[in-house]
Amino acid sequence: MSPSLLKSLAAAVLLLLGPASLAAPRGAPVCEPAGEGADASFAPEVQRELDAIVRAELSQGPVAGMSVGVTRGGQRWVCAYGQRDVARRLPATPRTTYRMASVTKSFTAVAVMQLVEQGKLSLDADISTLVPGYPAKQWPVTVRDLLGHLSGVPTYDGTASSNNVKAVSTAEAVAVFAQKPLAFEPRTRYLYTTWGYNLLGAAVEAASGQSYRDYLREHVFGPAGMAHADLDITATRDEHQAAGYRLQGGALKPSRFLDVSSRFGGGGTRATVGDMLGFGRAVVAHTLVKRETMGRMQASMATADGRLTDYGMGFATYPLRGHYLVAHAGGQPETTTLLVMFPAEDTVIALATNVEGEAKRLRRLSIRLMEQVLEDGVTRRDAHLADGVDSVVYEGLGRIASYGLAYHQWATRGPGSLPEETDLPGAFTQVSEMLSRKEIAKDSRAALERIRGGHDPRLGSVFIRVGAHMARTLEKAHGAERLRTYPAEGPLSFFSDYLAACDAQGVPDTERFGGPLREDLLRFVTSWKRAELPPLKRQRLDEMKNPERLLASLRTAAAASPEVRPDYSDELLRLAEGHALKKQTAARLKWLEVAVELQPKSVDARVALAQGLLAAKRDKEVLPHLREALATPQGSSSLSPAGLMKRVGEAESAQVGLGLLRAGVELHPDSPELWEALAKRAGAQGQKAEAKAALRQARRARESAPVPSASRPSAVERGASGPVPDDHGLVKPRQQ
């Protein structure tokens, strides 16, 4: 039977089954037997908590199948939920294979670095000398540049270039983009590109004398114990391969067909979650390449002007709440995947689903699993701060604590290294100036930009150096066990203990912080303690059966701690999202309004409420909320024209996207890009008069715009301290 006929039959069965059959799986998961593939299972109570976390996430919306795996040291837990094939009612199991999509890039990077260790490849070789079908460009493109997405090799530039439906050879896959010029001079910018990794796959073949498939099977999959991993081609698929789905209008539909041989080196493999764990364990144990090599791969690369990209050689890599994270995500038709490793803590989390476009869900789930395994199940929350200067100071404290803890642990318990220490007193002085209320008050947006770049080499990596010194001091004072508690407790605990340790150990004044910062810290801690609710220490509002019962307590705590308190907006927005999926407009708006009531300065809460109002066709109420959000230091970044355009692209419907653009041109009337986007959207929705008027405004805005600067966009304009990967990379949280 042909693939097209099979797809038609599957679609017909889905229509017969109806939406009710696509609800979150309620039955028991299919799990690996106790102890299989590892020395021991997690304790029964931990397994129950892990299972509860996954079930809570899957209850939030339609899902087909999902496999989840966690290892820490010799402990292992692998379970599969739902169905690998909805039409045939086949369950997902630990043996189910999924398309790995861009997790493949990590496999390719390891292959390249193995050949570098053997002297068969040079990181500084021009790729055109290794791949005959790829001609020399206007600048040399090195293997090192390609590994870090700094090469300038373009990414997909249209549907024709990304929607391949027939099997192609390595030469044919490279020929698709071989004649395209570089998008920019290498190392001046970051651009995530699957085509660049196809070049690396071709280089593996040239240097090894083996096909890409044979090389991976012999040198990566085999040594890592990845028994079911292979290229995702028709010949390797069996009855265990998951059928793929996409979410459309709240229901699951079969995925469109895509032959991934056209993206072989950047997204052409398949594997089980157990295979993903095997690869992660091999990365953490340095069994595929030497420890020193893996340390280089896990270190973030930087642009020529000294901005870290948060991507190393084949891995997204950066601190997450005090943990050093090494990861890759993937997204394609039929799949969403996420592999997360914590090398300093000997922990790996692997997630795969046969529903595409689920990057945010997997990201959320990975953090919840991390909290359970590494943070004793404590639910850590960001802080809500009423004052704009306070919010910038707090973000600085959070970044110093996170970078300091993560890099210290990575350098002492993992394969990493710290920036060279040259002038520690000078670094402390620089950090104190960056966190000065007086300086922040002059220009909070510029201050926020400096803080978000405080870990970059261009600023001397001061946040890493100062934070790591603080972590060393605390480890000497309180021991390694105490150090491991700070990621769950947060930056206020980290800084408070450091200041106390300075007094107890006689730390020189040059390695302390001044009186004003101490006063801020004391004020933050006092306010935070008043606002904490014990019932929510290990539980999220969106995972409770009756969250309404705590609303009165939340309001009381907010009134008692107007300056600083825990931020519940993420959980409240999740509650609203659940009602949105069920088309319960009134309940959705209720929770969005509660989120804004409790966290009035939250950009995410205000924007979510604006989108909820647009969905409810209450457009006139939207603009005040967006203005409130834009007035905050964080909002001035995320609601810039570029930030708004991104939100429009992610909008839940064309109606909401159009409404956001209408509000956007009110907020930024001089932005030609927003006016042009409004014209396009309005025209597509039949609003011809509005489209013509928007085009006129776009022309006026372009005519009056200043001459573009040759300088690159700022960190705030990019929305983060470094370029953030797209959905094939790793979606990052608001704070690190």
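Note that the structure is predicted; figures quoted are calculated from it, not measured.

## Remarks on the overall build of the chain
Here is step 1: When helices and strands are tallied, the chain shows 32 helices and 16 strands.
Here is step 2: Rg of the C-alpha trace for the chain: 25 Å, near the compact-globule value of 27 Å for 736 residues, within the 12% margin.
Here is step 3: For the C-alpha atoms alone, the extent of the chain along its principal axes is close to 70 × 60 × 60 Å.
Here is step 4: Each of the 736 residues in the chain was classed as buried or not, and the buried ones make up 57%.

## Focus: the pairing of strand E3 (residues 65–72)
Here is step 1: A large share of E3 lies buried, amounting to seven of its eight residues.
Here is step 2: Summarising the sheet, E3 and strand E4 (residues 75–85) pair through eight bridges and their orientation is antiparallel. Residue pairing in the sheet places Thr 71 in a bridge with Arg 76 of E4.
Here is step 3: Hairpin connection, E3 to E4: the antiparallel pair is bridged by two residues, and Gly 73 has positive phi, about 60 degrees.
Here is step 4: Where E3 lies against strand E14 (residues 347–353), seven bridges are found, and the strand directions are antiparallel. Looking at the pairing, Arg 72 lines up with Thr 347 of E14.

## A word on the nonpolar core
Here is step 1: Core analysis: the biggest nonpolar cluster contains 110 residues, and Tyr 134, Leu 147, Phe 279 and Leu 369 have the highest contact counts within it.
Here is step 2: Those residues in contact with Phe 279 that sit more than four places away from it in its chain are Ser 106, Phe 107, Val 110, Val 220, Ala 224, Met 226, Leu 288, Phe 315 and Leu 339.
Here is step 3: Grouped together as the second largest cluster of nonpolar side chains are 54 residues, Ala 558, Ala 595, Leu 614 and Leu 660 included.

## Describing the packing of aromatic side chains
Here is step 1: According to the stated counting rule, one finds 19 aromatic pairs in the structure shown.
Here is step 2: Seen in terms of ring centroids, Tyr 134 and Phe 177 are 6.0 Å apart; in terms of plane orientation they differ by 50 degrees. Their pairing is tilted. Here Tyr 134 is found in the loop between helix H3 (104–117) and helix H4 (143–147), whereas its partner Phe 177 is found in the loop between helix H6 (170–175) and helix H7 (194–208), with 43 residues between them in sequence. Like Phe 177, Tyr 134 is buried.
Here is step 3: With a centroid separation of 6.4 Å and an interplanar angle of 20 degrees, the aromatic rings of Phe 428 and Tyr 498 are classed as stacked. With Phe 428 in helix H14 (residues 424–434) and Tyr 498 in helix H20 (residues 491–505), the pair connects residues that are 70 residues apart, well separated along the chain. There is no split in this pair, since Phe 428 and Tyr 498 are both buried.
Here is step 4: One aromatic cluster is present, built from ring pairs that chain together Phe 428, Tyr 486, Phe 494, Phe 495, Tyr 498 and Phe 513.
Here is step 5: Directly above the aromatic system of Tyr 134 lies the positively charged group of Lys 137, at a separation of 4.8 Å from the ring centroid.

Each value, and the rule that gives it
- Residues numbered from 1 in each chain as written.
- Predicted model: local features only at pLDDT ≥ 70, side-chain atom pairs only at ≥ 80, totals over all residues.
- Heavy atoms only, no water.
- Helix = DSSP H or I, 4+ residues; strand = E, 2+ residues; numbered from the N terminus.
- Rg over C-alpha atoms; globule rule 2.2 N^0.38 Å.
- Buried < 20%, exposed > 50% of the residue type's maximum accessible area, 1.4 Å probe, protein only.
- Pairing = 2+ DSSP bridges.
- Core = buried A, V, L, I, M, F, W, Y, C linked by side-chain atoms within 4.5 Å.
- Contact = heavy atoms within 4.5 Å.
- Phe/Tyr/Trp six-rings, centres within 6.5 Å; stacked < 30°, edge-to-face > 60°.
- Lys NZ or Arg CZ within 6 Å of the ring centre and 35° of its normal.

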